[in-house]
Amino acid sequence: MHFESGVGHIGGNLSALDLLLTLHHRVMAGDDQFILSKGHAAGALYVTLWSLGLLAEEQLATFHKDGTKLGGHPVPHGIPEIPFAVGSLGHGLGLAAGLALGKNLRGQPGRVFCLLSDGEWNEGSNWESLMFIAHHRLREVVLLVDLNGLQGFGATAEVANLGSLANKLKEFGLEVREVDGHNTDAIEQALKTPPTDRPMALVARTIKGHGVSFMENKLEWHYLPMTAEQYQMAVEEANRL
Amino acid sequence: MRTILTRTLVSYARESDFVFLTGDLGFMALEPLREVAKERFINAGIAEQNMVSVAAGLATAGLRPWVYSIAPFLYARAFEQIRNDVCLHNLPVFLVGNGGGYAYGVMGPTHHAIEDYGALLGLPNLTVQIPAFAADVPQAVLRLMAAARPAYLRLGRDEKPENFVVPPYAPWRRILSGQGATVVVVGPLAGGILAAAQVLPESQRPTLWVLSELPIVNAEIPATFIADFQQSGHLIVVEEHVVQGGAGAALAHALLCTQTTPRRFTHRFARGYPSGRTGSQVFHREECGLDPASILRLLSNTP
């Protein structure tokens, strides 16, 4: 899909894919909602929705093409499963908090899962949302952090070193679980065990470009599209998995 | 206008889709609403970006949130959240900016809102309501609730002259008739200009229109207004907002597009801080030629 469209952002899609697939296939129930905050992982979300039968193969083929509803980042009024246009970072968590608060006020069931990147925590708005979620004890919100360690123009530790994001989230009052973000059983177990009395964050250690050896942990795969040769190599590697 | 807004919202606070967020402001004003709205009155803290995103989430969950702050802390600080989260999705989020124009006076330029509606009107789906008088507020609230789409309510201080009976709220209202120039005023400035103009002899007295809703819809520009400025020959627009994105530029554009232009056009607008000094709202208006005395001088120079 990314190859055919000549689109980049593949690295941050592959790091999030196991989280997205496990969450949608094994964890989420009817009343639950999902908010993508790292909008550049739109491709991984579209593929996940396709795997659930919510997007047709032909729709998926329109990705990044003229007239598509599947933009490089989710668009407004695109498809019902993706309620918000996101892409500018630091919006999803506040939106998820609002949805959860709305459920609370209306007495409606269900959780709101929100997937964030690690570089995204450079944005101050996330810390505002975190304070809000912790203060209002919005237990319906579940944060998933794709901790791949790389952002747009450097390693997260070198751009604005956060130290331990898990510790910071704990300090803000969240219950934090740390997992290997490519161990689907661990992800499932961590998300299925209900939190005690606080909102929960799943901090998932992931590998940017996961599953494709020449992409793994390489900064350039935040942006670069694949050549035909690289695509062929990646497909062969994936088939061997 | 805050007091009457509070009173108005109290009457809606028990509705199932009501929710109100404030950015830690409203001391000595919003307390009655907090009492009635209970858990639906949320002090979101000094965190406007999150507050607007939360409001968009609430609106998506089926509520109709009100979001309150001092105007610039809302439209300027949280501009991207208003743009992406609220306007792109056409959500019924009602933003209330207190202190339109120079209303916060000597509190300083950080608290002024002189480019608010210009900044916001570039966004999709958003409508701006600018009550001129406190009596307008309940109807402005009704109007934006009925539209159920993104809205910005610009509040100021009521300057209604004594004994003036405010006509029902509408995008365009004629509040004074005379044989002088045709003047369009945006917002509470209308009160002071009305008080000064209504005592003039009829030959010099302007016809005064109040414009309260933006963007201007060309088809809704009243024929009587067009007749007024065609007869007087001089159209004056007065607003406490910078020229860029202001109502004067929008009206000039609308009239050019509809090919009904006045012979003479004058625009009085907020000029920022020409002396570099700060003072009361009256001080800033005087610096910009927006005060009633300046407008009277302009009217007396009208042939």
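No experiment lies behind these values; they were computed from the predicted model shown.

### Describing the overall build of chain B
Move 1: A tally of helices and strands in chain B yields twelve helices and twelve strands.
Move 2: Against the compact-globule benchmark of 19 Å for 303 residues, chain B has a radius of gyration of 19 Å, which places it among compact chains.
Move 3: Each of the three principal axes of chain B carries a C-alpha extent, and together these read 60 × 40 × 35 Å.
Move 4: For chain B, the residues scored as buried account for 50% of the 303 residues in total.
Move 5: When contacts within chain B are restricted to residue pairs at least 6 apart in sequence, those whose partners lie at least 24 apart make up 75%.

### Things to note about helix α3 (residues 42–51) of chain A
All names here are of chain A.
Move 1: Counted residue by residue, α3 has seven buried out of ten residues, so it is predominantly covered.
Move 2: For α3, the full list of buried residues reads A42, G43, A44, L45, Y46, T48 and L49.
Move 3: Considering only its buried residues, α3 is in contact with α1 (2–5), α2 (10–27), β1 (33–36) and α4 (57–60).
Move 4: G53, located one to two residues past α3, shows a positive phi value of around 80°.

### Thoughts on the domain arrangement of chain B
Where interface size is given, it is often the accessible area lost as the parts come together that is meant.
All names here are of chain B.
Move 1: Considered domain by domain, chain B is made up of domain 1 (2–155) and domain 2 (172–300).
Move 2: Taking the mean C-alpha position of each, domain 1 and domain 2 sit 26 Å from one another.
Move 3: For the side of domain 1 that touches domain 2, the secondary-structure elements that each account for two or more residues are α6 (116–120) and β5 (127–129).
Move 4: When grouped by side-chain class, the residues that make up the side of domain 1 that touches domain 2 number 13 nonpolar, seven polar and three charged.

### Looking at the packing of helix α8 (residues 189–197) of chain B against helix α12 (residues 292–300) of chain B
Residue and element names in this part refer to chain B.
Move 1: For the pair α8 and α12, interaxial distance at closest approach is 9 Å and the crossing angle is 50°. Judged by the angle between their axes, α8 and α12 are oblique. Note that α8 runs across α12; the crossing there is right-handed. Residues G192, I193, A195 and A196 of α8 touch α12, and the partners they reach there are P292, I295 and L296.
Move 2: Taken together, the residues of the contact of α8 with α12 break down into six nonpolar, one polar and no charged.

### Concerning the interface of chain A and chain B
Move 1: Facing 22 residues of chain A, the contacting portion of chain B comprises 23 residues.
Move 2: At the level of elements, α5 (92–106) and α6 (124–135) of chain A are the ones that each hand at least two residues to the side of chain A that touches chain B.
Move 3: Class assignment of the residues belonging to the side of chain A that touches chain B gives a composition of twelve nonpolar, seven polar and three charged.

### Some remarks on the pairing of strand β6 (residues 175–180) of chain A
Residue and element names in this part refer to chain A.
Move 1: With six bridges joining them, β6 and strand β7 (residues 200–205) adopt parallel strand pairing. Paired with E175 across the bridge in β7 is M200.
Move 2: What joins β6 to β7 is helix α9 (residues 184–192), and the crossover it makes is right-handed.

### Structural notes on the nonpolar core
Generally speaking, soluble globular proteins have nonpolar side chains that are buried together.
Move 1: One finds A:C114, A:L144, A:L202, B:L21 and B:V67 to be the most contacted residues of the largest nonpolar core, which totals 154 residues.
Move 2: Each of domain 1 (2–155) and domain 2 (172–300) of chain B gives at least three residues to this core.
Move 3: Not counting the four nearest positions on each side in its chain, A:L202 is found in contact with A:V142, A:L143, A:L144, A:V145, A:R177, A:V179, A:A190 and A:L191.

### Observations concerning the sheet that holds strand β2 (residues 112–117) of chain A
Residues and elements named next belong to chain A.
Move 1: Spatially, five strands are ordered β1-β2-β3-β7-β6 in an open sheet, and the strand pairing comes out parallel. Whereas interior strands pair on both sides, the edge strands pair on one side only; in this sheet they are β1 and β6. In this sheet, neighbouring strand axes are inclined to one another by 20° on average, regardless of whether the strands run parallel or antiparallel.
Move 2: Together, β3 (141–147), β6 and β7 form the strand contacts of α9, whose direction differs from that of β6 by roughly 165°.

### Digging into the pairing of β3(A)
Look at any regular strand and the pattern is simple: side chains alternate between the two faces of the sheet.
Residues and elements named next belong to chain A.
Move 1: The element β3 is extensively covered by neighbouring structure, given that seven of its seven residues are classed as buried.
Move 2: Summarising the sheet, β2 and β3 pair through six bridges and their orientation is parallel. By the bridge assignment for β3, C114 is matched with L143.
Move 3: A crossover links β2 with its parallel partner β3, the connecting element being α6, and its sense is right-handed.
Move 4: Taken together, the six bridges between β3 and β7 define a ladder with parallel strand orientation. Paired with L147 across the bridge in β7 is R205.

### Quick look at unusual backbone geometry
Negative phi values dominate among residues other than glycine, just as trans dominates among peptide bonds.
All names here are of chain B.
Move 1: Omega for the bond connecting L214 with P215 falls within 30 degrees of zero, at 0°, which places this linkage in the cis form.
Move 2: The residue D24 is not glycine, and still its phi comes out positive at about 65°.
Move 3: For D24, the location among the structural elements is in the loop between β1 (18–22) and α2 (31–37).
Move 4: A positive phi is found at N163, a non-glycine position, where the angle reads about 70°.
Move 5: Here N163 is to be found in the loop between β6 (151–155) and β7 (172–176).

### Regarding the sheet that holds β1(B)
Residues and elements named next belong to chain B.
Move 1: The sheet built from seven strands is open, its strands ordered β2-β1-β3-β4-β6-β5-β10 with mixed pairing. This sheet does not close on itself; its edge strands, each paired only once, are β2 (41–43) and β10 (213–214).
Move 2: In this structure, β1 lies alongside β2, joined through three bridges in parallel fashion. Within β2, the residue paired with F20 across the bridge is F41.
Move 3: Contacts from helix α7 (residues 137–147) reach β3 (64–70), β4 (94–98), β5 and β6, with the element oriented near 165° to β5.

Procedures and definitions
- Residues numbered from 1 in each chain as written.
- Chains lettered and ligands numbered in written order.
- Predicted model: local features only at pLDDT ≥ 70, side-chain atom pairs only at ≥ 80, totals over all residues.
- Helix = DSSP H or I, 4+ residues; strand = E, 2+ residues; numbered from the N terminus.
- Rg over C-alpha atoms; globule rule 2.2 N^0.38 Å.
- Buried ≥ 20, exposed ≤ 12 C-beta atoms within 10 Å, placed from the backbone.
- Contact = placed C-beta atoms within 7 Å.
- Domains from an automatic or database assignment.
- Nonpolar A, V, L, I, M, F, W, Y, C, P; charged D, E, K, R; others polar.
- Axes fitted to C-alpha atoms, helices over the stretch in contact; angles between N-to-C directions.
- Parallel < 35°, antiparallel > 145°, perpendicular 65-115°, else oblique.
- Left-handed = near helix turned anticlockwise from the far one by under 90°.
- Pairing = 2+ DSSP bridges.
- Right-handed = clockwise from strand over helix to strand, strands pointing away.
- Core = buried A, V, L, I, M, F, W, Y, C linked by C-beta atoms within 7 Å.

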